[in-house]
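# Descriptive analysis of the structure
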Amino acid sequence: MALPPVTPFAAQPRGLSGGGPRRPSPAPPGAARRLGPLFWPWEKVKVGPLSVSPMGFGTWAWGNQLLWGYQESMDSELQECFNLALKNGINLFDTADSYGTGKLNGQSERLLGRFIREFEGPIKSPDDVVIATKFAAYPWRLTSGQFVSACKSSLERLELDRLGIGQLHWSTANYAPLQERALWDGLVEMYEKGLVRAVGVSNYGPKQLVKIHSYLASKGVPLSSAQVQFSLLSMGDEQMELKTVCDSLGIRLIAYSPLGLGMLTGKYDASNLPKGPRSVLFRQILPGLESLLTCLKQIAEKKGKTMSQVAINWCICKGTIPIPGVKTVRHVEENLGALGWRLSPAEISELESAAMAAPKKMIQNVFQTA
């Protein structure tokens, strides 16, 4: 049976030209034994004009020393993560021009660019990689031209001629409403110049999302994606309203932090907290998650999965594209196990009831708008 073609030119390294649409390469030898049924990598979902895997991977940790303890010695394993993901059908990688701390600012984009360039696996075509990067709404980015320049700088770090998705990282409506229109115009310009195949936003609430969708539409630019914190710890009324708005407008919702920064993995408790700033948040929220974590564990054991896989699969069942972060090969292997199966309606209901009963929820991003 013929396999569906992969959308061409989602991310095209400089100097490489593509032909027509290509069929995906067969799964690598041994992949079925390692990861289970592999029908899912070729069942792509649409994000505007792009065909992407039902789950992507986030690269926030790549270059972030403060929160995630990044060291340059990790780069070889990060490259293994990228290679393993791509070989197993994952073609969506999310990053941002602000990812990386201090002198490592932009490191995530630089690493992705190098990994694409050096990739030697069975899927060699650049058409098979969709890079979604986010441009920060820094206070000095006051004009559309400055925002387009930010896009060009990202392309330089990634060593690409065009991005899959160019995203506005957050809205300035709450504190600098006049800047907001310039940033929107910047998205229009980068789309019209062919620097991005699709445009999206991040940390937008339902009201502001409707506004930017209408504005972009008036300029002939479709809004393809909206990225928001979405998980069993972030499933409040606003998230669900946002999902409803996305569905009505044909916008794909991308779920970041689907594991609640690690709280839904089952690896931590009050006596075993992660290092760094995350420990403060975990200390506040974890004690009230016993029922939810027990529910996750019971369903995971029944299905022969891990708690992380169940939590990610819930996001997929809600119609989102989750982008869990990865920084080890073990993370990639485990997260891939969230694909190729689905929770039952009863299991989804059970998880959501336990989540709603939790006394504390995940703290929302400070840049999230209404």
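Criteria and thresholds
Each chain carries its own residue numbering, running from 1 in the written order of its sequence. With pLDDT at 70 or above as the cut-off, local features in this predicted model cover only qualifying residues; side-chain atom pairs require 80 or more to be listed or tallied, and sums for whole chains, interfaces and linings still use all residues. By convention in this description, side-chain values take in all heavy atoms of the structure and omit both hydrogens and water. Put simply, DSSP H or I for four residues or longer makes a helix, DSSP E for two residues or longer makes a strand, and each gets a number counted from the N terminus. It only takes one pair of heavy atoms within 4.5 Å for two residues to be counted as in contact. Residue exposure ignores everything except the shown protein chains as possible cover, and the areas themselves are Shrake-Rupley values with a 1.4 Å probe. For this document, the term salt bridge refers to a Lys or Arg side-chain nitrogen within 4 Å of an Asp or Glu carboxyl oxygen. Exposure is judged per residue with a 1.4 Å probe applied to protein chains only, and the accessible area is read against the type maximum: over 50% gives exposed, under 20% gives buried, and values in between give partly exposed. Each helix should span, by expectation, one fewer than its residue count multiplied by 1.5 Å. By definition, the arc is the one covered by directions from the helix axis to the C-beta atoms. Residues belong to a common nonpolar core when they are buried Ala, Val, Leu, Ile, Met, Phe, Trp, Tyr or Cys residues joined through side-chain atoms within 4.5 Å. Stacked, tilted and edge-to-face are the three classes applied to pairs of Phe, Tyr and Trp rings, where Trp contributes its six-membered ring and a pair requires centres within 6.5 Å; stacked means planes under 30 degrees apart, edge-to-face means over 60, and tilted covers the rest. Here, strands pair whenever DSSP counts at least two bridges between them. Between the N-to-C directions of two axes lies an angle of 0 to 180 degrees, each axis being a line fitted to C-alpha atoms and, for a helix, fitted only over the stretch in contact. Looking down the strands as they point away from the viewer, one classifies a crossover as right-handed if the path from the first strand across the helix to the second runs clockwise.

An unreviewed UniProt entry lists the protein chain under the name NADP-dependent oxidoreductase domain-containing protein, from Urochloa decumbens.

## Concerning the overall build of the protein chain
When its secondary structure is counted, the protein chain shows 13 helices and 10 strands. Taking all contacts inside the protein chain whose residues are at least 6 apart in sequence as the whole, residues at least 24 apart take part in 78%. Accessible area of the protein chain: about 15,100 Å², with a carbon and sulfur share of 55%.

## A short note on the pattern of salt bridges
Overall, the coordinates contain 12 salt bridges when judged by the stated rule. For the salt bridge of Arg141 with Asp97, the shortest nitrogen-to-oxygen distance reads 2.8 Å. In this pair, Arg141 sits in the loop between strand 5 (130-135) and helix 5 (144-158) while Asp97 sits in the loop between strand 4 (92-96) and helix 4 (107-118), placing the two residues 44 residues apart along the sequence. The buried category is assigned to Arg141, whose relative accessible area is 12%. When salt bridges that share partners are traced, they join Asp75, Arg114 and Glu118 into one network.

## Thoughts on helix 5
Residues separated by three or four positions in an α-helix point in the same direction, a consequence of the helix having 3.6 residues per turn. Compared with the 21 Å implied by 1.5 Å per residue over 15 residues, the 21 Å span of helix 5 between its first and last C-alpha is a close match. Along helix 5, the positions that sit buried rather than exposed are Ser144, Phe147, Val148, Ala150, Cys151, Ser154, Leu155 and Leu158. Along the axis of helix 5, the buried positions cluster into a sector of 150°, meaning they face one direction only. Looking at the buried side of helix 5, the elements it contacts are helix 4, strand 5, strand 6 (163-168), helix 6 (177-192) and strand 7 (196-202).

## Focus on the nonpolar core
Nonpolar side chains in soluble globular proteins tend to end up buried together. Counting 98 residues, the largest nonpolar core has Phe93 and Leu209 as the members making the most contacts within it. With eight residues, the single largest contributor to this core is helix 11 (residues 307-317). Those residues in contact with Leu209 that sit more than four places away from it in its chain are Val201, Tyr204, Leu223, Ala226, Leu242, Val245, Cys246 and Ile251. In terms of nonpolar packing, the next biggest core, distinct from the first, is built from 12 residues, Leu92, Val130, Ala132 and Ile321 among them.

## Notes on the packing of aromatic side chains
One pass over the structure, following the stated rule, counts 10 aromatic pairs. An angle of 65° between the planes, with centres 5.7 Å apart, marks the rings of Trp62 and Phe115 as edge-to-face. Residue Trp62 is found in the loop between strand 3 (57-58) and helix 2 (65-68), and its partner Phe115 is found in helix 4; the two are separated by 53 residues along the sequence. Its relative accessible area of 1% is what places Trp62 among the buried residues. By relative accessible area, which is 0% here, Phe115 ends up buried. Ring centres of Phe82 and Phe93 lie 4.8 Å apart, and the angle between their planes is 40°; on these two criteria the pair is classed as tilted. Of this pair, Phe82 sits in helix 3 (residues 75-87) while Phe93 is found in strand 4, placing the two residues 11 residues apart along the sequence.

## Observations regarding the environment of Ala354
Here Ala354 is to be found in helix 13 (residues 345-357). According to the relative accessible area criterion, Ala354 is buried, its value standing at 12%. Measuring from C-alpha to C-alpha, the distance between Ala354 and Leu292 comes to 4.9 Å, with 62 residues separating the pair along the chain.

## Observations concerning the sheet that holds strand 5
Strand order across the open sheet formed by eight strands is 3-4-5-6-7-8-9-10, with parallel pairing between neighbours. Single-partner strands in this sheet number two, and they are strand 3 and strand 10 (321-322). Across the sheet, helix 4 touches strand 4 and strand 5, and the angle it forms with strand 4 is around 145°.

## Notes on the pairing of strand 6
Most of strand 6 sits inside the fold, with six of its six residues counted as buried. Relative to strand 6, strand 5 is paired through four bridges, and the arrangement is parallel. Bridge assignment links Thr133 to a residue of strand 6, and that residue is Gly166. In terms of handedness, the path from strand 5 via helix 5 over to strand 6 forms a crossover that is right-handed. Sheet topology places strand 6 next to strand 7; five bridges connect them, and they run parallel.

## Side note on unusual backbone geometry
For Glu159, which is not glycine, the phi dihedral falls at a positive 55°. Its place among the elements puts Glu159 in the loop between helix 5 and strand 6. You can call Glu159 partly exposed: its relative accessible area is 36%. A positive phi angle, close to 50°, is found at Ser257, a residue other than glycine. In this fold, Ser257 is placed in the loop between strand 9 (252-256) and helix 9 (278-285). The exposure class of Ser257 is buried, given its relative accessible area of 14%.

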